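Descriptive structure summary
Each chain, written out:
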Amino acid sequence: MFVCSFGCESVTTALAGEFPPGDTNLFRTFKAQEAKGFFIKMCQKKPLKIQLRLTRFTLDHVDVSSLSCCDCLAHICRRKKELKARTVWLGCPEKCEEKYPKNAIKNQKYNIFTFVPGVLYQQFKFFLNLYFLVVACSQFVPSLKIGYLYTYWAPLGFVLAVTMVREAVDEVRRYQRDKEMNSQLYSKLTVRGKVQVKSSDIQVGDLIIVDKNQRIPADMIFLRTSEKNGACFIRTDQLDGETDWKLKVAVGCTQRLPADLFSITAYVYAQKPQLDIHSFEGNFTREDTDPQIHESLSIENTLWASTVVASGTVIGVVIYTGKETRSVLNTSYAKNKVGLLDLELNRLTKALFLAQVVLSIVMVAVQGFVGPWFRNLFRFVVLFSYIIPISLRVNLDMGKSAYGWMIMKDENIPGTVVRTSTIPEELGRLVYLLTDKTGTLTQNEMVFKRLHLGTVSYGTDTMDEIQSHIIHTSGATPSRKTQASGPKVRKSVSSRIHEAVKAIALCHNVTPVYESHVNGETESAEADQDYSDDNRTYQASSPDEVELVRWTQSVGLTLVNRDLNSLQLKTPSGQILSFHILQIFPFTSESKRMGIIVREESTGDITFYMKGADVAMASIVQYNDWLEEECGNMAREGLRTLVVAKKCLSEEQYQDFENRYNQAKLSIHDRGLKVAAVVESLEREMELLCLTGVEDQLQADVRPTLELLRNAGIKIWMLTGDKLETATCIAKSSHLVSRSQDIHVFRPVSNRGEAHLELNAFRRKHDCALVISGDSLEVCLRYYEHEFVELACQCPAVVCCRCSPTQKAQIVTLLQQHTANRTCAIGDGGNDVSMIQAADCGIGIEGKEGKQASLAADFSITQFKHIGRLLMVHGRNSYKRSAALGQFVMHRGMIISTMQAVFSSVFYFASVPLYQGFLMVGYATIYTMFPVFSLVLDQDVKPEMALLYPELYKDLTKGRSLSFKTFLIWVLISVYQGGILMYGALVLFESEFVHVVAISFTALILTELLMVALTIRTWHWLMVVAEFFSLGCYLASLAFLNEYFDLSFITTWPFLWKVSAITLVSCLPLYIIKYLKRKFSPPSYSKLSS
C-alpha cells in the first residue's frame, strides 16, 4: 500500500477521469516516469488523500512505500539525470531520442557570477576571517568605535585582495587550458562531404575523422581505418596510465564497405555510460540489407576520449559525449584543500575567542553591569580583539609563499613546482603515501634477463651462445620434422633453444610498425616498405611482450610482419618463415595466460603455443621438477616470469576443436564459461619449452627512497592498474615489501561469504604485506568496509592491483575517513588525477605519460627520489616554522591584550584603549613584523641531518609542535610578560600618564625582539638584519611620536633604566628556563645537532 498525503483533508477517490474504469491492471503498468508526472499534477490540484494500490513501486531505485509525498517530490527534484542505453544512427545526430550533454571540457571552479561570492565564502567559512569581518564592521558604529578604521580594514582588505588575485590567476589559467582543448578542430563526415567542427560542438551520432597523433575528442565506435588490416593502435596513457599501445579493430561490416558510410543505413546500440574503461557491450546493425547484418561490439571496437591515435587515420561514430565519456566519469573534481595546521589554528582561535568573551564578561561583571552594560561588553570584546591578531593570516600566507619559493629554488630537487601554495605544511604531517607503479616507481622499460630451459640457464652475459645456436639450427630447419615424428628421443640443446625462441617469437600480440620518411614527414608504410631493422618499431598492449620480441630479434629470429591472419619471421640467413594465425586466446586477469594456434605455411604443421604466469601454467604443462623452484628464484630477483609451452596438433584435432569453439562462441547463455571450457580441453599435457625472466627497470634511487620513507614512519600503499603478478614483482624488487616479510595474496572474492572467509584467513596473518585486486577490494568494501580498512592499516605495505582511477580515489578517501591521518598520493598519468585530487597532498611526476597528473597535483616533481627531500626537509621545516610563527603571532596579540586587561582593571574597568592609532599599527607591522616573519628561515637541524635520520619525521605526525599543550605554555608566557610590563610601568612611572605609555610600549617592543631571539634555533644573517632594522625603525620613529610620548622624558636616564629593568624581569626567567630544559631534557633534534 502506498499512501500519498497532500494536505490535511482526507478524501479517498477513484480519481475519475484520471484512470479508465475497471482497469485493474493499471497499477501494474504504472511506470515510475508516469508516477512522477502524476505526483506533480496532483500537487497542483486541491489537497486530497490518495490511496494507490501498487504491487511493486519504486522511484529511481528508491523504495517510496515508506516516504511521504513531500519526500518523493524532493527526491524527484534532486535526482540526477538517469544514464541510459542508447541507439545511435550513423551520421544522424538529429535522430537521437534524448538530449545528450555538450562535448565540452570544463575544469573551472567558478563562473563570472559565482567568482566573488565563491571566493568570499571560501574565506569567511573559517572562524578566523569571519571574526575579523565582524570586528571591522563594528567600527562603523560610533558607540563601539575604539580606534581608526584603517587599523581594522587595511589588513583584512590585504588578505582578501591577495586571495582573490591568486584565485583569479588560477581560474584564468584553467579557462585558457579548457578553451584550447575545446577549440581543437576535427573533420566531420556529412552527406555533403567533410566539414571542420570544434571539439565542443561534436554530437552523439556524428561521424568523426581522427588523424594519426590526434586526440580522440569523444567516446566512439571504430568504423573504418586507412590501415589495410582493419586495425589501428591507440595510446591510452592519459586514461589508464599504461604507456604501451592498444590494438583496436574496426567493425568488419563498415571496414569492408567499398563506398562511403552514408551509402548504408545502420545504427549502433550502446550500453549506458559507465565507469569501467576495460569493458563495453553493444551491437552494430545494418538495416538496408536482407537479412539485416548484426555484429556484436566489444572493448576492442571502442575508441575512448582522451586517448590518441598512434597509427593510420580512423573514422568513428560518437556514442558518448562530455560528462558521459569514460575519461570524465573517472575524473573527480578538484576540491579546495585546507591544511591540518590551518584547521588546528582555527580551533585555537575559537578557544582564544572564548577567553576574550569571558574576559569581557568579567570586566563588565566587576563593574556591576551598570549603565549600558551590553554596549560596554561589546566595546571590551573589540578592545581585546588583538588576542586574535589579523596579522596571523597575513604572516601565515606570506610564510606559505616563502616555503613554496624555497622548494622551487632547491637545487637538489630541480624542476619541482608548487601549484597549491596553501598546504606546504601538509608535507610534514603525512602518514600514508599512496603511489602509482608504472612510470612512478618503475621506468616502464623492460629488459630481458634470463632464459631457463630446465637443464641450462642463460643470463645477459651468455646471450651470444643462444645466438650461435639459432644460427646453427636455422640451417637445419627441414630435418626437425622427421625428428619430431619419430620415437621420442632427447632433443639436443640447440633444437630446444630454437623451439623456445621460436615459441617466444610467435606467441604474442605484438605488431611491427614501419615508418617511411617522405619529404621529412613520417607516414605509415604499406607492404612495399623495406624490412630494415632500423626502420622497425614494435607495438603491443604489454611492454613485456615487446621486450620478448625485441630479444628474439637480438638473437636472430625477427618478427618482420603481422596482420590479423598471418605473421612472418626472418631467420639469421634471411629466410622468411610464414605462419597462418588460426586462433588467438588473449590474456585475461582470470586466465593469466595467452595462447595462439598457428599453421606453418611451408610444412602445414599446426602448433598451439601458450605462455602465462607460473600459477596458471604449472597444471597445464607436463610433469617437471624444476619449474616451481626456478620461478621462485627469479621472483626473488624481482624478475617478471613467463612459462612458455607448446602442443602439436593434427588436422583432425584442430578441426574438432574449431567446431566446438565456434559453437561455444555463438551460445547466448554462459558464453564465457563455455568458450573457456573448450579452450581448456586443449590445454592438457603441453610440452614445457622454457621459463623467461624480464626486469621492469625501477626509477633511480627508488629503493633507498622507499626505505627512507618507511623509516620516517610513513606507510606506503601501491595502487596500480597492472596485473597482480607484475605488481607483486615490483613490490619485491623495489623493496616496498622487505625480503623477510610474507605476502598475503587476497584470493578473488565475488560475494559476502567468500569475502568473510578470506578476511578471517587474512586476520590470522601477522606482519605481512597485503596484495589485493580491485574487484575483490570492491566486494570487501561493500560488505566489510570497516573491518577491511582496520586490517589493511596494520599491514607494513599494501598493494592494490587492477585498480580503476575511481577506485584509487576511493581508497584515499577511505583512509582519510577511517584513520583521520594525512594522506599523500603520487602518480604520473591521467589515471592518477582522481587519486591526487582526493588526497590531502597530491604530488605529480612529469613523466612519459604526459603532464596531466603534474598539472592536477599540488606539487610537481621530475623524479620519484625527490619526494624524500621534499618531505623530510621541506615538509618538516614548513610545518615546524609555521607552528612557531603561528604561536608567536598569537603571543604577540595575547601580550598586548593582557596589558590592556591590567590597564582597564587598574583604571576602574574603563573600556578605553591603552595604545591608540599608529602605535597599534606600528606594533603589528614595522616594529615587530620583520623579526617575527624571519622565523620562516629557522631550522632545528641541517637538511643533511634530516635525511640521515628520517626518524625525526615521526615526531611531526603526532602534532606536538602545535598543540593545546604548547599553546597553553605560550598563553602563560603572554600573561606573565604582559602583567610584568604593565605593572612594572605603573609602579615605576613618575607623575604623568604619558610616561606609562612610553615605558610600557618601549619595554614591549624590546621584549618581542628578545623573544624572537629566544625562539630561534639556528641563526640566519637575515634574522640579525631584521632584529636591528626593527629596533632602528622604532628608535628613529620616536622623534615623530610626540603625540604619544614625552620626548624630553625618553631621553633621560630614568627612562632607560626603568625600561631595561622591566624588560629584564620579563625575559630573563624564560631564558633561564630554556637553558635548564635544554640541559636536562633536550629534544631529539638537539642531540643530533650537537
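Scoring rules and cut-offs
Residues numbered from 1 in each chain as written. Predicted model: local features only at pLDDT ≥ 70, side-chain atom pairs only at ≥ 80, totals over all residues. Heavy atoms only, no water. Helix = DSSP H or I, 4+ residues; strand = E, 2+ residues; numbered from the N terminus. Buried < 20%, exposed > 50% of the residue type's maximum accessible area, 1.4 Å probe, protein only. Contact = heavy atoms within 4.5 Å. Core = buried A, V, L, I, M, F, W, Y, C linked by side-chain atoms within 4.5 Å. Domains from an automatic or database assignment. Patch = residues over 30% accessible without salt bridge, like charges linked within 9 Å, V, L, I, M, F, W, Y side chains within 5 Å. Areas by Shrake-Rupley, 256 points an atom, 1.4 Å probe, with all protein chains shown as cover. Salt bridge = Lys/Arg side-chain N within 4 Å of Asp/Glu carboxyl O. Phe/Tyr/Trp six-rings, centres within 6.5 Å; stacked < 30°, edge-to-face > 60°. Lys NZ or Arg CZ within 6 Å of the ring centre and 35° of its normal. pLDDT = per-residue confidence, 0-100. Pairing = 2+ DSSP bridges. Axes fitted to C-alpha atoms, helices over the stretch in contact; angles between N-to-C directions. Expected span 1.5 Å × (residues − 1). Bend = angle between axes of the 7 residues up to and from the residue. Lys, Arg positive; Asp, Glu negative; His and termini not counted. Charge placed at Lys NZ, Arg CZ, Asp CG, Glu CD. Parallel < 35°, antiparallel > 145°, perpendicular 65-115°, else oblique. Left-handed = near helix turned anticlockwise from the far one by under 90°. Nonpolar A, V, L, I, M, F, W, Y, C, P; charged D, E, K, R; others polar.

1. Brief notes about the overall build of the chain
Helices and strands together make up the secondary structure of the chain, namely 37 helices and 38 strands. Counting the 1090 residues in the chain, one finds 53% classified as buried. If you take every contact in the chain between residues at least 6 apart in sequence, the share linking residues at least 24 apart comes to 73%.

2. Topic: the nonpolar core
Counting residues in each nonpolar core, the largest one holds 92 residues, and the members touching the most others are I843, F859, I867 and L871. The element that contributes the greatest number of residues to this core is helix α27 (residues 866-906), accounting for 12 residues. When residues of this core are assigned to domains, at least three map to each of domain 2 (388-413 + 869-1087) and domain 3 (432-441 + 699-861). Apart from residues lying up to four places away in sequence, L871 is in contact with L427, L430, L709, I714, R876 and Y953.

3. Some words on a nonpolar patch on the surface
A cluster of nonpolar side chains, contributed by Y148, Y150, F918, I926, F930, W1021, L1022, V1025 and F1029, occupies part of the molecular surface with about 870 Å² of accessible area. Looking at which element gives the most residues to the nonpolar patch, the answer is helix α34 (residues 1021-1037), with four residues. When its relative accessible area of 41% is taken as the criterion, F1029 is described as partly exposed.

4. A few points about the packing of aromatic side chains
Applying the stated criterion to the full structure yields 28 aromatic pairs. Ring geometry for F369 against W373: centres 5.2 Å apart, planes inclined by 85°, an arrangement best described as edge-to-face. For W373, a relative accessible area of 34% puts it in the partly exposed group. Taken together, a centroid distance of 5.8 Å and an interplanar angle of 85° make the contact between F585 and F608 edge-to-face. You can see F585 sitting in strand β27 (residues 576-585) and its partner F608 sitting in strand β29 (residues 606-612), a full 23 residues away along the chain. Residue F585 shares its accessibility class with F608, and that shared class is buried. Three or more aromatic residues joined by ring pairs form one cluster here, namely F585, F608, Y654, F657 and Y661. Note that R752 overlies the ring of Y784, its terminal NZ or CZ placed 5.4 Å from the centroid.

5. Considering the confidence of the model for the chain
Residue-level pLDDT values for the chain average 83, and 88% of them are 70 or greater. Of all helices and strands in the chain, the one with the weakest mean pLDDT is strand β2 (residues 48-52) (33), whereas strand β19 (residues 430-435) scores best (96). Segment residues 477-489 is flagged for pLDDT under 50; beyond a separation of four residues in sequence, or across chains, it makes seven contacts in the model.

6. Some remarks on the sheet that holds β19
If you walk across this open sheet you meet the nine strands as β18-β38-β37-β36-β19-β32-β35-β34-β33, and the pairing is mixed. The two strands at the open ends of the sheet, each matched to only one other strand, are β18 (417-418) and β33 (742-745). Two strands pair when backbone bridges link them, and β18 and strand β38 (residues 859-861) are joined in this way by two bridges, in the antiparallel orientation. Residue pairing for β38: V417 is matched across the bridge by S860. Against the sheet, helix α24 (residues 805-819) touches β19, β32 (715-719), β35 (797-801) and β36 (822-827), its axis set at about 165° to β19.

7. A word on the side chain of R174
Counting through the fold element by element, R174 comes out in helix α5 (residues 150-182). When its relative accessible area of 16% is taken as the criterion, R174 is described as buried. With near-sequence residues (within four places) excluded, R174 lies in contact with N107, Q108, K109 and E167.

8. Notes on the environment of D461
With respect to the secondary-structure elements, D461 resides in the loop between β21 (457-458) and α12 (463-474). What makes D461 exposed here is its relative accessible area of 65%. Between the alpha carbons of D461 and R450 there is a distance of 9.8 Å; along the sequence they are 11 residues apart.

9. Brief notes about α27
For α27, with 41 residues, the first-to-last C-alpha span of 59 Å sits near the 60 Å given by 1.5 Å per residue. Along α27, the helix axis deviates most sharply at G875, where the bend reaches about 30°. Counting buried positions over the 41 residues of α27 gives 39, a clear majority of the element. Positioned one or two residues after α27, Y908 has a phi angle of 55°, which is positive.

10. Comments concerning the pattern of salt bridges
Under the counting rule described, the total for this entry stands at 33 salt bridges. The salt bridge involving R86 is made with E324; its shortest N-O contact spans 2.8 Å. With R86 in strand β5 (residues 86-89) and E324 in the loop between β17 (314-320) and α8 (326-329), this residue pair connects regions lying 238 residues apart in the sequence. Accessibility expressed as a relative area gives 3% for R86, which makes it buried. A residue is classified by how much of its surface remains accessible, and E324, at 4% relative accessible area, is buried. The shortest N-O distance in the salt bridge between E344 and R429 comes to 2.9 Å. A residue pair is termed long-range when its members are at least 10 positions apart, and E344 in helix α9 (residues 340-367) and R429 in the loop between β18 and β19 qualify at 85 residues. R429 carries the same exposure label as E344, and that label is buried. Through salt bridges with shared partners, one network takes in K437, D544, R640 and D696.

11. Some details on the sheet that holds strand β6 (residues 185-190)
With antiparallel pairing, six strands are arranged side by side in an open sheet as β7-β6-β8-β17-β9-β15. This sheet does not close on itself; its edge strands, each paired only once, are β7 (193-198) and β15 (302-303). Where β6 and strand β8 (residues 207-210) come together, three bridges link them in antiparallel fashion. Across the sheet, residue S187 finds its bridge partner in β8, namely I209.

12. Regarding a positive patch on the surface
A surface patch of positive charge is lined by K954, K958, R960, K965 and K1077. Note on placement: K965 falls in helix α32 (residues 964-988).

13. A few points about the packing of helix α20 (residues 702-711) against α27
With their axes 9 Å apart at the nearest point, α20 and α27 run at an angle of 25° to one another. When the axis of α20 is compared with that of α27, the two are roughly parallel. Helix-helix and strand crossings are classified by hand; for α20 and α27 the assignment is left-handed. Contact residues: T705, L708 and L709 in α20; I867, G868, L871 and M872 in α27. Taken together, the residues of the contact of α20 with α27 sort by class into five nonpolar, two polar and no charged.

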